[in-house]
Amino acid sequence: MMPSLSPTEVAHGRAHWPRLLLACPAESVRVLARSLCEQHQVQDIQLPQSGLALLKLRDSAQGDAYYPGEVPLAIAHVRVTTAGGASFEGAAQLLDDRASLARAIAVLDAVLAAQLSGHEEAQALLTTGAARLAEQAAQRRALLASTRVDFSLLGTTEEENDDE
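Rules used throughout
Residues numbered from 1 in each chain as written. Predicted model: local features only at pLDDT ≥ 70, side-chain atom pairs only at ≥ 80, totals over all residues. Heavy atoms only, no water. Core = buried A, V, L, I, M, F, W, Y, C linked by side-chain atoms within 4.5 Å. Buried < 20%, exposed > 50% of the residue type's maximum accessible area, 1.4 Å probe, protein only. Helix = DSSP H or I, 4+ residues; strand = E, 2+ residues; numbered from the N terminus. Pairing = 2+ DSSP bridges. Contact = heavy atoms within 4.5 Å. Expected span 1.5 Å × (residues − 1). Arc of directions from axis to C-beta.

## A look at the nonpolar core
Taken as a class, soluble globular proteins show a tendency for nonpolar side chains to be buried jointly.
Here comes step 1: If you look at the biggest cluster of nonpolar residues, it comprises 32 residues, and the most contacted ones within it are Val29, Ile105, Leu108 and Leu125.
Here comes step 2: Among the secondary structure elements, those contributing two or more residues to this core are helix H2 (17–22), helix H3 (26–39), strand S2 (65–81), strand S3 (87–94), helix H4 (99–114) and helix H5 (119–146).
Here comes step 3: At 10 residues, H4 tops the list of elements feeding residues into this core.

Put into structure tokens, the structure is as follows:
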């Protein structure tokens, strides 16, 4: 039997939550996570860490692995326990170097997934992040449109092809 999707997962898939939360001001994410930590018991399953990870790609011709560079990576994995004793896990892997932000996003991930008290505020942050990302995408589209070149204006008459 398929589990039903929550309204949060329908609007924004869980895989997109970290990206949406990263689009929000970091301090607002941290403040909400601190507030949720006061409401629920939060344990680190894996201590938040940050560092560099090697970016691994495969050569398309030979199929050999190669490493073109490093990317910043922050990870966190937490367990949120309610006052009633129910436990839920949340995690975050970010292309970012802020381990505290990864932990805050992991807490929000658990609260959103389980729809614990406080998930409405987290949902509002997701909506804010989605709006910011949509605004950035619109700005990028506008920049691309402004740099578009119309080659149809180039001459195609025989007078301009006198090179023969």
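## Observations concerning the pairing of strand S1 (residues 41–58)
Here comes step 1: Here 14 bridges tie S1 to S2, and the two strands are oriented antiparallel to one another. Within S2, the position partnered with Ser50 by the bridge is Ala74.
Here comes step 2: As consecutive antiparallel partners, S1 and S2 are separated by 6 residues, and within that stretch Gly63 has a phi angle of approximately 80°, a positive value.

## Observations regarding the side chain of Thr82
Here comes step 1: Following the sequence through the fold, Thr82 ends up in the loop between S2 and S3.
Here comes step 2: Look past the residues within four positions of Thr82 in its chain and what remains in contact with it is His40, Phe88 and Leu116.

## Considering unusual backbone geometry
Here comes step 1: One non-glycine residue, Gln115, lies in positive phi territory at about 55°.
Here comes step 2: The topology assignment puts Gln115 in the loop between H4 and H5.

## Describing the pairing of S3
Here comes step 1: In this structure, S2 lies alongside S3, joined through 8 bridges in antiparallel fashion. Bridge pairing links Ala76 to Ala92 in S3.
Here comes step 2: Hairpin remark: S2 followed by S3, antiparallel, with 5 residues in the connecting loop; positive phi at Gly85, about 95°.

## Looking at H3
Here comes step 1: The end-to-end C-alpha distance of H3 is 20 Å, a good match for the 20 Å that 14 residues give at a rise of 1.5 Å each.
Here comes step 2: For H3, the complete set of buried residues consists of Ala26, Val29, Arg30, Leu32, Ala33 and Leu36. Summarising the axial view, the buried residues of H3 lie within an arc of 165°, below the 170-degree limit, and thus occupy one face.
Here comes step 3: The secondary structure elements touched by the buried residues of H3 are H2, H4 and H5.

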